[in-house]
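Now for the letters of each chain:
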There are 2 protein chains.
Amino acid sequence: MIEFKKKFYFYPVKAEWSYMKKAKEPKEKDITTEGKIKEAARTVFHKKGYAATRTRDIAEEAGINLALLNYYFRSKEKLFHIIMTETLSGFMQHMVVVLNDEKTTLEKKVELIAASYIDLLLRAPEVPVFILSEIRNNPAILMEKIPVKQLMFHSVFFKQHQKAVTDGRIKEPSPLHFLMNLIGLIVFPFVASPMLKKIGSIKDKDFNQLMQERKKLIPVWIKAIMKANAK
Amino acid sequence: MIEFKKKFYFYPVKAEWSYMKKAKEPKEKDITTEGKIKEAARTVFHKKGYAATRTRDIAEEAGINLALLNYYFRSKEKLFHIIMTETLSGFMQHMVVVLNDEKTTLEKKVELIAASYIDLLLRAPEVPVFILSEIRNNPAILMEKIPVKQLMFHSVFFKQHQKAVTDGRIKEPSPLHFLMNLIGLIVFPFVASPMLKKIGSIKDKDFNQLMQERKKLIPVWIKAIMKANAK
DNA sequence: TCTGAATTTAATCATTTGATTAAAATATTT
DNA sequence: AAATATTTTAATCAAATGATTAAATTCAGA
């Protein structure tokens, strides 16, 4: 902390530094320099990942001088941390809200999650690979920020699932299989889309069409899976 | 090409340079220096990806001098290319063979693929994220090496799927949905495993257990999906 | 064992890259 | 308008990193 002061005493004092700020919602059409840098960082980090990203890439994408990036965000790492936190929480938020809704049934939750996530992913298709590959390099990122564990096991979803199992409406008792299947069916096409587009020679428009179909199909498939009996 | 000669005229002439060699199967317990470097490169690249990997990391992992790496493989990029090619073809091979078997039914193919891929992934769980994140940075890698497209659309699997659709045994006509579902159900838990292990506080042993269960469950679920009707 | 080829090493280079500095330009306040 | 604070720039630094060189060592065959 002393080092902090020593290192930056020559900088002007500002009420609220970017790297101290709480993450805030990105959709404010921020045209301040700081906002431009953050948007550029989001774009480049999401596309290339932390290690392959050069701070110069971000500066160029933002149309600013490289020094400005360090002026506003102190370091590549701090800037990345902000982007990662926002990306992760943005991605989890939907899920957690839906999973904890008291009013909706399990079946309805599946419909809501499928539709809202597919829409979300169509807008930001690079996000899943970004998250998964960055977590590989630093699994601690997760723990650090999000208390997903209790949100999951104390969720309304979890209780509804247990109930459905005891009622016999779901044959496979593990909620983890259920979640893996649901999220997998939703997310996997997006992480595999570069392969799909090559292998299946799918154009972007066709891919979108397929994903639109899956909004309806996944809930149907999940219901079929629920009833399926392995024995 | 002239530059090539000029740059390396001082190197001893060798019959077959590593970077010229065809990819060969990795399981030969290669204890030559060249083999050690390749094994180390595979380990480090798979774990950290191209951009985050330092050639010094590979050298250290292999227990050799950094210069040796360049002596045997010319450059980081060439070494990476070898690893990527081997990894990709190793990953596709299983699939292509099974999909083109004349003797097995569609249902049997699903069982075979689920079981063999889950076993494969339990041995090399980092491979899917490695492939997917590297393809993101360079989608051309795929095209370059593997003629998957025709292998897919002229496969026995593809014809069997079409037949099953016209026979009414499969409700959703798109073979792409079928493949996305199958591969997604198999692969997704592995790419998401760091999250699962945090969120679900799953130990490695529990994860293995879950994956063993999925060998049996996925074929059952896929059959249920086949019968499920959206209308 | 001798000789040339193959392998390995230590030292070093050149470039890239994240970060910093000090000064210039711009905006804000008095 | 003058003074002060904030933002932006160009120049530069230091460390990291991929690559190269030349010399030393080991190995294979005559």
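Notes on the structure follow. Computed from a predicted model, the values in this text were never measured in an experiment.

Digging into the relation of the copies chain B and chain A
1) Next: The transformation that overlays chain B on chain A combines an axial shift of 0.0 Å with a rotation of 180°, and the residual RMSD is 0.0 Å. Here the transformation between the copies is reduced to the relation of a two-fold axis.
2) Next: Of the residues that chain B buries at the interface, 98% are likewise interface residues in chain A, meaning the two copies contact each other through the same surface.

Structural notes on empty space enclosed by the protein
1) Next: Tallying each qualifying case throughout the model produces 9 cavities of 30 Å³ or more.
2) Next: In this structure, the largest cavity spans a volume of roughly 470 Å³.
3) Next: Taken together, 28 residues make up the lining of the largest cavity; nearest its centre are M195 and I199 of chain A together with M95, M152 and I183 of chain B.
4) Next: Counting residues per element, the ones that place at least two in the lining of the largest cavity are α12 (193-199) of chain A together with α5 (76-99), α7 (127-137), α9 (148-153), α10 (156-166) and α11 (175-191) of chain B.
5) Next: Ranked by the residues each element gives to the lining of the largest cavity, the list is headed by α11 of chain B, at 6 residues.
6) Next: Residue composition of the lining of the largest cavity, by class: 26 nonpolar, 2 polar and no charged.
7) Next: Considering only enclosed or pocket space, the second largest cavity measures out at about 370 Å³ in volume.

Thoughts on unusual backbone geometry
1) Next: Positive phi, close to 75°, is recorded for R74 of chain A, a residue that is not glycine.
2) Next: Mapping R74 of chain A onto the fold places it in the loop between α4 (66-73) and α5 (76-99).

Things to note about the interface of chain B and chain A
1) Next: Residue-level contacts link 57 residues of chain B with 56 residues of chain A.
2) Next: Summed over both partners, the interface of chain B with chain A comes to about 4,800 Å²; 77% of that surface belongs to carbon and sulfur atoms.
3) Next: Across the chain B-chain A interface, the total number found is 0 salt bridges.
4) Next: If you look at where chain B meets chain A, you find 8 residue pairs in polar contact (both at pLDDT 80 or more).
5) Next: Counting only elements with at least two residues in the side of chain B that touches chain A, the list comes to α2 (33-52), α5, α7, α8 (140-145), α9, α11, α12 (193-199) and α13 (204-227) of chain B.
6) Next: No other element matches the 11 residues that α11 of chain B contributes to the side of chain B that touches chain A.

The rules we used
- Residues numbered from 1 in each chain as written.
- Chains lettered and ligands numbered in written order.
- Predicted model: local features only at pLDDT ≥ 70, side-chain atom pairs only at ≥ 80, totals over all residues.
- Heavy atoms only, no water.
- Least-squares fit on C-alpha atoms with pLDDT ≥ 70 in both.
- Contact = heavy atoms within 4.5 Å.
- 1 Å grid on protein atoms, 1.4 Å probe; cavity = no way out; pocket = protein on both sides within 12 Å on 5 of 7 lines; lining within 4 Å.
- Points joined across faces, edges and corners; volume = space filled by probe spheres on them.
- Helix = DSSP H or I, 4+ residues; strand = E, 2+ residues; numbered from the N terminus.
- Nonpolar A, V, L, I, M, F, W, Y, C, P; charged D, E, K, R; others polar.
- Buried area = accessible area lost by both parts, 1.4 Å probe.
- Salt bridge = Lys/Arg side-chain N within 4 Å of Asp/Glu carboxyl O.
- Polar contact = N/O pair within 3.5 Å; in protein donor to acceptor, adjacent residues only side chain to side chain.

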